[in-house]
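A structural walkthrough
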Amino acid sequence: MFNDIGALELVTIVVLAILIFGPDKLPKVIQDVTGVIRKIRAFSDSAKQDIRSELGPEFKDFEFEDLNPKTFLRKQLGENEDLKEIRSSFDLRKELSDVTDAVNSREADSAPAASAATGPDLLKKPAAPAAEQRTPYDADAT
């Protein structure tokens, strides 16, 4: 309930409680607060039991914590092989390292030989087209 309260905050709350209520009334206030918290918990537990009894036997394994979207998805998806395969397909570290190696020319020795055998060299500028292949320029059209 109070997972994010540190030691300094706790000391501050205790000092403020002593200053506000005084050392004489503080134990009585603490008892009253804990009694109210117990009554609220008992009320919520009885409400949960009433809802479960009204839903019927087909919802006997229903948990209110499952209404949280994160726990609902965990329960519905589970840890199956399809989910692990999907997670591994989104792992971009291998592809990123391959691209980094290509950019840093770590595969420079094998790349020219492989590209010459498989297709045209894309790093080489294409030759200018011959005069008869050029389209005619019409100065009046522009």
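Residues numbered from 1 in each chain as written. Predicted model: local features only at pLDDT ≥ 70, side-chain atom pairs only at ≥ 80, totals over all residues. Heavy atoms only, no water.

So, about the overall build of the protein chain. What the protein chain contains, in helices and strands, is 5 helices and 0 strands. Reading the protein chain from its N end, one meets helices and strands in the order α-α-α-α-α. Here the protein chain holds 142 residues, and the buried ones make up 4% of them. Summed over all atoms, the accessible surface of the protein chain reaches about 13,400 Å², with 62% contributed by carbon and sulfur. (Helix = DSSP H or I, 4+ residues; strand = E, 2+ residues; numbered from the N terminus. Buried < 20%, exposed > 50% of the residue type's maximum accessible area, 1.4 Å probe, protein only. Areas by Shrake-Rupley, 256 points an atom, 1.4 Å probe, with all protein chains shown as cover.)

Taken together, the side chains of Val11, Val15, Leu16, Leu19, Ile20 and Phe21 make up a nonpolar region of the molecular surface, amounting to roughly 600 Å² of accessible area. Secondary-structure assignment places isoleucine 20 in helix α1 (residues 7-55). Residue classification places isoleucine 20 among the exposed positions, given a relative accessible area of 63%. (Patch = residues over 30% accessible without salt bridge, like charges linked within 9 Å, V, L, I, M, F, W, Y side chains within 5 Å. Salt bridge = Lys/Arg side-chain N within 4 Å of Asp/Glu carboxyl O.)

Once that is clear, we can look at the environment of alanine 17. For alanine 17, the position within the fold is in helix α1. Expressed as a C-alpha distance, the spacing of alanine 17 and isoleucine 30, which sit 13 residues apart in the sequence, is 9.7 Å. Here alanine 17 is in contact with Gly22 and Leu26, once residues within four sequence places are set aside. (Contact = heavy atoms within 4.5 Å.)

What follows concerns the confidence of the model for the protein chain. When the pLDDT values of the protein chain are averaged, the result is 77; 72% of them are 70 or greater. Mean pLDDT in the protein chain bottoms out at helix α5 (residues 111-118), which sits at 50, and peaks at α1, which reaches 91. (pLDDT = per-residue confidence, 0-100.)

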